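Chain residues, written in single-letter form:
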Amino acid sequence: MTLPTPAVYAPELTADRLQPVANWLLDELQATQDDLVRSTDTAWTKGCTTFGRQHSRIISEWQSGKHAWLGILDTSKALVFTIGGVPCRFSNDDPDNPSKKAVLEVNPHQRAFAEFASSDQPVRFCFVVDRGMDDLADPYVVLHGLSDENVVLCRWVSDAASAFRSEMGTQPAAVEVQKTKLAPKQPEKIDESQSQASDGNAPESL
């Protein structure tokens, strides 16, 4: 069954707002995977670093003031941000079988929004980052709108991480810069006539 998009229930949740959030989450996920390649890096260290970077990225984007639709209700580890006033959370989890609190439990900041929702409407929204099974599949992001009983009532799926990285990974062509040739510094030449005149005028030693 095809589910409606979140915008059906919350018109503020348009794709042109959801995709940037997904891009931020995927960008930090991919950067962490690229950075943490030591033998001492484990799934735990990568998971903690990924979450910390994603958390900081959303706050940083909000602080930049570039996105008038983006707000923050809670900057703690239980981050709650708003899109057009609609409270949202995020989690790195399995979209089809989530197990984390950010997806399954209502945050107090989401509760106020939930009070205005009818029984057949989502009471909370959560971005779920699917990291891909064993790095074989492309990571992507799903925004779930869930009922009080954790039934998914609406769903939006982002572009895959490869599409995002392909778009953002275009680098300008390198420009060769000519190096300046350096030579040993030559001592200054002294005018012999001036030197002799100067010596002639010097006082005799006592």
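Up top is the structure these notes are about.
Residues numbered from 1 in each chain as written. Predicted model: local features only at pLDDT ≥ 70, side-chain atom pairs only at ≥ 80, totals over all residues. Heavy atoms only, no water.

A. Region of interest: the packing of helix α1 (residues 15-35) against helix α2 (residues 43-64). Between α1 and α2, whose axes approach to 9 Å, the crossing angle comes to 140 degrees. The angle between α1 and α2 falls in the class oblique. The crossing of α1 and α2 is right-handed. In this structure, α1 contributes Trp24, Leu25, Asp27, Glu28, Leu29, Ala31, Thr32 and Asp35 to the contact, and α2 contributes Lys46, Thr49, Thr50, Arg53, Gln54, Arg57, Ile58 and Glu61. By residue class, the composition of the contact of α1 with α2 is 5 nonpolar, 4 polar and 7 charged. (Axes fitted to C-alpha atoms, helices over the stretch in contact; angles between N-to-C directions. Helix = DSSP H or I, 4+ residues; strand = E, 2+ residues; numbered from the N terminus. Parallel < 35°, antiparallel > 145°, perpendicular 65-115°, else oblique. Left-handed = near helix turned anticlockwise from the far one by under 90°. Contact = heavy atoms within 4.5 Å. Nonpolar A, V, L, I, M, F, W, Y, C, P; charged D, E, K, R; others polar.)

B. Seen up close, the side chain of Asn107. Secondary-structure assignment places Asn107 in the loop between α3 (101-104) and α4 (108-114). Taking relative accessible area as the criterion, Asn107 reaches 8% and is therefore assigned buried. Among the polar contacts listed, one links the side chain of Asn107 to the backbone nitrogen of His109, at a separation of 2.8 Å. Apart from residues lying up to four places away in sequence, Asn107 is in contact with Ala78, Val80 and Arg89. (Buried < 20%, exposed > 50% of the residue type's maximum accessible area, 1.4 Å probe, protein only. Polar contact = N/O pair within 3.5 Å; in protein donor to acceptor, adjacent residues only side chain to side chain.)

C. Region of the structure containing the packing of aromatic side chains. Per the counting criterion, the structure on display carries 3 aromatic pairs. Ring geometry for Phe51 versus Phe90: centroids 5.3 Å apart, planes at 25 degrees, classification stacked. Here Phe51 is found in helix α2, whereas its partner Phe90 is found in strand β3 (residues 86-92), with 39 residues between them in sequence. Overall, the relative accessible area of 4% leaves Phe90 in the buried class. (Phe/Tyr/Trp six-rings, centres within 6.5 Å; stacked < 30°, edge-to-face > 60°.)

D. Structural view of unusual backbone geometry. At Asn150, a residue that is not glycine, the phi angle is positive and equals roughly 65 degrees. Looking at where Asn150 falls in the secondary structure, it is placed in the loop between β5 (140-146) and β6 (152-157).

E. Looking closely at the nonpolar core. In terms of nonpolar packing, the biggest core is built from 27 residues, with Leu13, Phe81, Ile83 and Phe127 touching the most fellow members. Listed by contribution, the elements that provide at least two residues to this core are α1, α2, β1 (70-74), β2 (80-83), β3, β4 (124-130), β5 and β6. With 7 residues, the single largest contributor to this core is α1. (Core = buried A, V, L, I, M, F, W, Y, C linked by side-chain atoms within 4.5 Å.)

F. Broad picture of the pairing of β6. One ladder, built from 5 bridges, connects β5 with β6; its direction is antiparallel. Note that in β6 the partner of Leu146 across the bridge is Val152. Between the antiparallel neighbours β5 and β6 lie 5 residues, among them Asn150 with a positive phi of about 65 degrees. (Pairing = 2+ DSSP bridges.)

G. Up close: the pairing of β4. The buried fraction of β4 is high, at 7 of 7 residues. Neither face of β4 is exposed, since Arg124, Cys126, Val128 and Asp130 on one face and Phe125, Phe127 and Val129 on the opposite face are all buried. The pairing of β4 with β5 spans 7 bridges and is antiparallel. The residue of β5 that forms the bridge with Val129 is Val141.

H. Inspection of the environment of Thr82 at higher detail. Within the secondary structure, Thr82 sits in strand β2. For Thr82, a relative accessible area of 11% corresponds to the buried category. Along the backbone, Thr82 and Gly71 are 11 residues apart, and their C-alpha atoms lie at a distance of 4.7 Å. In this structure Thr82 touches Trp69, Leu70, Gly71, Ile72, Leu73 and Pro87, once residues within four positions along its chain are discounted.

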